[in-house]
Amino acid sequence: WFNDEKPEQAKMPSGFDRSLSSPFHKIMILRALRPDRLPSALATWLTQTMGKFYVEQPPFHMPSCYAETSPQTPVFFVLFPGVDPTP
């Protein structure tokens, strides 16, 4: 399980996951043993418990953003390396 590429999706050895009272407990064990897989596990857990609304970012809608601007309220865009702002 520890050496698995995606341990958050794999069954724990010896049926240990059956002894956990909630999927969140598996996330806590994952955090202790494989912190590199925590973002993926949390995204999956949030999607299952709260829905996609809290995980997926809505697409940027330029017309609605432009409608909120004025000469006194400009728009400031922050771009990160590797991000292409063109559609």
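**Remarks on the overall build of the chain**
At step 1: For the chain, the count of helices and strands is three helices and zero strands.
At step 2: Moving toward the C terminus, one meets the helices and strands of the chain in the order α-α-α.
At step 3: In terms of overall size, the chain is more extended than a compact globule, its C-alpha atoms giving a radius of gyration of 20 Å where 87 residues would be expected to give roughly 12 Å.
At step 4: The principal-axis extent of the C-alpha atoms belonging to the chain is close to 65 × 25 × 20 Å.
At step 5: Within the chain, the proportion of its 87 residues that are buried is 18%.

Calculation rules
Residues numbered from 1 in each chain as written. Predicted model: local features only at pLDDT ≥ 70, side-chain atom pairs only at ≥ 80, totals over all residues. Heavy atoms only, no water. Helix = DSSP H or I, 4+ residues; strand = E, 2+ residues; numbered from the N terminus. Rg over C-alpha atoms; globule rule 2.2 N^0.38 Å. Buried < 20%, exposed > 50% of the residue type's maximum accessible area, 1.4 Å probe, protein only.

By themselves these figures say nothing about function.
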